[in-house]
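Now for the letters of each chain:
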Amino acid sequence: MAIVPLERKPLTFAERTYIPQIVAGLKTTWKHLVRPKQTLEYPEQRPAIPAGYRGVPTLVKDPHGREKCVSCQLCEFVCPPKAIRITPGAIALDDPTGHVEKAPQEFEIDMLRCIYCGMCQEVCPEEAIFLQNQFSMTGYTREEMVNRKARLYELGGTLPDTHFKWDKKKAAEDHGNALH
Amino acid sequence: MIATPKPDLVTVNVDGKEIAVPKGTNVIEAARLVGVDVPYYCYHPKLSISGNCRMCLIEMGMPAVDPATKAPIMDPATGKQKINWIPRPQIGCATNASPGLHIRTNTPQIKDCREGVMEFLLVNHPLDCPICDQAGECKLQEQSTGYGRGYSRFIEHKNVKPKRTQLGPRVTLDDERCILCSRCIRFCKEVAKDDVLGFVDRGSYSTLTCYPGKALANNYSLNTVDICPVGALTSTDFRFKMRVWFLKQTNSIDTESSVGANTVVWSREGVIYRITPRQNDGVNDTWMPDSGRDLYKIVRANDRLAVIKVNGADASLDEAVNAAGRLLQSAAGAVAVIGSGRSSVEEQFLTRKLADALGTSTQLVSRVGQGDGLLISADRNPNVRGALVTGLIKDLPTAKLTSLGAAIDAGKVKAVVVVGEDLAAAGLSATQMAKVAIVYLGTHANATSTAARVVIPTLTVFEKSGTFVNQQFRIQKYLKAVPGVAGAQDDLPVLARLVAAVGGPILAGELHALWRTLAAEIAALAPISFATLPEAGLLLDGTPYAAGPFVETESLHFNPAAKPAVTT
C-alpha cells in the first residue's frame, strides 16, 4: 500500500481564537440546563416498571388466601443456577386446603444465585411463582440474601386467578358422582 | 459362522425384522429384543397375564397355507409366502411367539388404537401430576406423551373417587389415579400369597379396595407400589418426600437376611430417601421385603457412633489404632476376635488377617429368625457364607458366645476385638465384659461400645462398597450410595491399619487393591475382581460347604443343598 502524506491545513483566525468552539460547548450545556430532568432521586423516587418486567421471584396466594405452590419442585429442577431449594410437605387433612394434599414446608430462593431468567415462572403448573416488580435486594450477610417461604409470600402478595382449579376440585369432591 | 437356531427357537417377524426367540416368548418381550417398544400397563414379566389395559394392541398375522393341501400360498408380488393378517388388533401381552408369527406395531390402525386407549384411560384421570409422587416414573405420563393424542376432548365432569385410602400400614391409595390394571391384585395373589385386594363396582366406578376387615399389611406390600404403573399406590413413607428425578440411584444389597435381595438406593445430596428392588432373576426377581426398605434409617439414627474414643476420651484415628495395637500386643496369646456376619467379604478377610496376626481364631454371632419362604431367610446375617469362603470361620456360628464367656471367666482371654457385634446381646454379662479390654469397631452405640476401651466408628452398608455372599453362594456387590457421616471411618483402612499395628502384614485398605490380594490368596475368588463382578453377581462353588448345617429353608430361587438345621 502506498503511503499518502497528507498536509495539515493551517487553522483559520476564528479557530485560533477558540471562541466558536467555546460557544458551541456552552450551547450544549445551556440546552441541558433548561431541558426536563432525566434522572430520579432513586431511593425516594422509583421508576415506573413496565409490564412483563422480571424482578425478584416471589410466591403468590390466590384471592382466597390459599398458598398456590404445591411443591412439585419443577422450578427447583429447571432453575439454571440452582437457586431454588424446596422441602416438600403434606397438608393436614383437617386443614381447609387439605384436599390439595401437598404444600412446601420450606421454600428458599438464594438471591445471590438467582439470575432473574424467569424459567421458574414459566414452568410453574400452578401459577404460584411470579417475577414481579421488586428489583432491589440488599443484605449484609449471605443468609439475608436467601428469601425464605414467609418472605417470598410477603413479597408476592395475592394475584388474581382465572382457574380456581382446586376450588373446583373441592366442589366436585363434595358433590360426588351424582348427576351433574 | 451362522448359528443354526436351537430346536426350541422360533422365528417371528416384528415390523419386518426377523428374530429367533424361544417358543412361547411373550410378543412384548420379543419386540423389545428387536428394539420395538410395545406400550403396556397391566403386563408384568413376573405376573400372570390379565390383558385388561388394552394398551399393547398389535396387528398379527400368520403365513398363509392352503387349507386343503397345507401347501404355502405364495404372494406373486413379493415372491414370499403370503401373510394372512387378522383384520382386528390383538393384545400383544397375551400373544406368544409361534413359528412364522408376524406382528406390526407401526400401522395407522395401531396408532389410532393406542390414541383411543390412552384417551379412555385419561377420561377420569385427575391430572394430579404436580402433587403426584409417581410423576417422573409414571407410565401414563410417558405413554400419553409417546402414544397419546396430545389434547383432551373430554368436557364432562370427571368421576370422583376416594383419594387418600390407607390400604395398609405402608401403602396409600389414590383411587382417582388408578387405571385398573390389576397388577397389585395379581401380585398379592400370586407372589405375596395374601389375596386381600380386589375391584368393586362396575364400569368407570370400578374401585380398587381391600377385602372388608383386612389390610394390605403383609411384608411385601410395598412391591405393589413399585409395580403400580401410575400414582395410585404410593408408599406412605416416601409420600411427598422428594421428586424422583432428583434422586441418584445406587445398586445395593438388602442386608436383612442371607437372601441378598438386589436393591437400588435412591439418594439426593447424601440423604437416602427410599430403597426399591432391582431385578435379578436368579435371586429376587423384581421384589423385595418391606422390612428391607426401612433399613436406610440406620444411617441417621440417633445412636450412631461418630467419635473415636480411647478410654472414654476423644482421640484421633492414629491414637486409637496405636492404643488398640499396644493393648492387643500386651495381651498377646489371650486375645479373642469376634467377627460379624454383617461385614463384607473384604472386611471379613481383613478380620481373618487380624486374627492370624494375633494367633487366634475368630467367632461369629448367628442371628436366626423365621424364614418366610420368599425373600427373608432364617439366617438374618447377610454374609455368613462370605466368612466361610474367606476362611474367617470353619464352623457355622452360634447365637451365644458361651465359650468366650467361659474363657474370660477362666482368665484365658484378656482382650477382645469386636467387629460390629454386641457382646451383651451374644450372651456375655457386664462383669465378663468388664474383665477384658475391648476394641470395638461398629456403627451404632450398644453395651459393647460403652464397655470398650477403644471405639472406632465405622460405616453402614449404604456408605461403603463391598460384597456379600448370599445363601446360594452368589457373591454380589453393593456400592456406596452416600458419603459417611462425619467422624465415621471406612472399615477397610481401619482394619488394615490394625493388622499392621499388631505386627501383621501390610495390606491395602482400598477396595480394588485389596481385591487383588483376595484373588491371589483365596482360590474360590481367584478369577474375580471387584470392578468386573457383574451386577447380577457370580455363583461361587458351594460344594465344599454343602454338608454344613445351614439354617435356611426353601425360598424364592433357593433350595437348600442339605436338610436345614433345627433352629433353636
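The residue numbering used here restarts from 1 in each chain and proceeds along that chain's sequence as written. Starting at A for chains and at 1 for ligands, labels are handed out in the order in which the entities are written. Per-residue local features are limited, in this predicted model, to residues with pLDDT of at least 70; the limit for side-chain atom pairs, both in listing and counting, is 80 or more; totals at the level of whole chains, interfaces and linings are taken over all residues.

Visitor: Looking at this structure, I do not really get helix α5 (residues 149–156) of chain A. What am I missing?
Guide: All names here are of chain A. The burial criterion counts other C-beta atoms lying within 10 Å of a residue's C-beta, which is placed from the backbone; the residue is buried at 20 or more, exposed at 12 or fewer, and partly exposed between these limits. Numbering goes from the N terminus for both helices and strands, where a helix is a DSSP run of H or I of at least four residues and a strand is a run of E of at least two. All of the buried residues in α5 are Leu152, Leu155 and Gly156. Looking straight down α5, one finds that the buried residues subtend no more than 95 degrees of arc, so they occupy a single side. In α5, those exposed residues whose orientation departs by more than 90 degrees from the buried face are Ala150 and Glu154. Throughout, a pair of residues is in contact if the C-beta atoms placed from their backbones lie within 7 Å. The inward-facing, buried residues of α5 contact β1 (57–59), β3 (102–110), β4 (129–131) and β5 (146–147). Here the arc refers to the directions that run from the helix axis out to each C-beta atom.

Visitor: Looking at this structure, how should I read the interface of chain A and chain B?
Guide: Interface size is often expressed as the accessible area that is lost when the parts come together. At the junction of the two partners, chain A supplies 16 residues and chain B supplies twelve residues. Of all the secondary-structure elements, those providing two or more residues to the side of chain A that touches chain B are β2 (84–90) and α6 (165–175) of chain A. Counting residues per element, the side of chain A that touches chain B draws most heavily on β2(A), at three residues. Three classes are used: nonpolar for Ala, Val, Leu, Ile, Met, Phe, Trp, Tyr, Cys and Pro, charged for Asp, Glu, Lys and Arg, and polar for all others, with Gly counted as polar. Classifying every residue of the side of chain A that touches chain B gives seven nonpolar, five polar and four charged.

Visitor: In this structure, what is going on with the nonpolar core? I would like to understand it.
Guide: Soluble globular proteins tend to pack their nonpolar side chains together in the buried interior. Residue and element names in this part refer to chain B. Remark: nonpolar core denotes a set of buried Ala, Val, Leu, Ile, Met, Phe, Trp, Tyr and Cys residues whose joining runs through C-beta atoms within 7 Å. One finds Ala324, Leu354, Val417, Ile438, Val439 and Val454 to be the most contacted residues of the largest nonpolar core, which totals 85 residues. Reported domain spans reflect what an automatic or database domain assignment gives. In this structure, this core is formed jointly by two domains, domain 2 (125–298) and domain 3 (309–545), each of which donates at least three residues. Beyond its immediate sequence surroundings of up to four residues, Ile438 is in contact with Val416, Val418, Met433, Thr448, Ala451, Ala452 and Arg453. Leu121, Cys184, Cys188 and Ala192 belong to the second-largest nonpolar core, a separate cluster that totals 61 residues.

Visitor: Explain the domain arrangement of chain B to me, please; I cannot follow it from the model alone.
Guide: All names here are of chain B. Examined at the domain level, chain B breaks down into domain 1 (9–106), domain 2 (125–298) and domain 3 (309–545). Placing the centre of domain 1 and that of domain 2 at their C-alpha centroids yields a distance of 31 Å. Contacts between domain 1 and domain 2 engage eleven residues on the former and 16 residues on the latter. Of the residues belonging to the side of domain 1 that touches domain 2, the class tally is six nonpolar, four polar and one charged.

Visitor: Where do I start with the pairing of strand β17 (residues 335–338) of chain B in this structure?
Guide: A regular strand carries its side chains on alternate faces of the sheet. Residues and elements named next belong to chain B. Of the two faces of β17, the one lined by Val335 and Val337 and the one lined by Ala336 and Ile338 are each fully buried. Two strands make a pair as long as DSSP finds a minimum of two bridges between them. Pairing of β17 with strand β18 (residues 362–363), which is carried by two bridges, proceeds in the parallel orientation. Across the sheet, the residue bridging to Ile338 is Gln363, located in β18. With helix α7 (residues 345–358) bridging β17 and its parallel neighbour β18, the resulting β-α-β unit is right-handed. By convention, orient the strands away from the viewer: a clockwise path from the first strand over the helix to the second makes the crossover right-handed.

Visitor: What's the story with the environment of Ala83(A) in this structure? I'm lost.
Guide: Residues and elements named next belong to chain A. Considering the arrangement of structural elements, one finds Ala83 in the loop between α3 (74–78) and β2. Residue Ala83 is classed as buried on the basis of its 22 C-beta neighbours within 10 Å. Sequence separation between Ala83 and Leu112 is 29 residues; the distance between their C-alpha atoms is 7.9 Å. Ala83 has contacts with Ile109, Asp110, Arg113 and Cys114, leaving out every residue within four places of it along the chain.

Visitor: Would you explain the sheet that holds β5(A) in this entry?
Guide: The strands making up a sheet associate through backbone hydrogen bonding, with each pair oriented either parallel or antiparallel. All names here are of chain A. In space, the three strands of this open sheet follow the order β2-β3-β5, with antiparallel pairing throughout. Either end of the sheet is taken by a strand with one partner, and the two such strands are β2 and β5. Between the N-to-C directions of two axes lies an angle of 0 to 180 degrees, each axis being a line fitted to C-alpha atoms and, for a helix, fitted only over the stretch in contact. Contacting β3 and β5, α5 runs over the sheet at an angle of about 85 degrees to β3.

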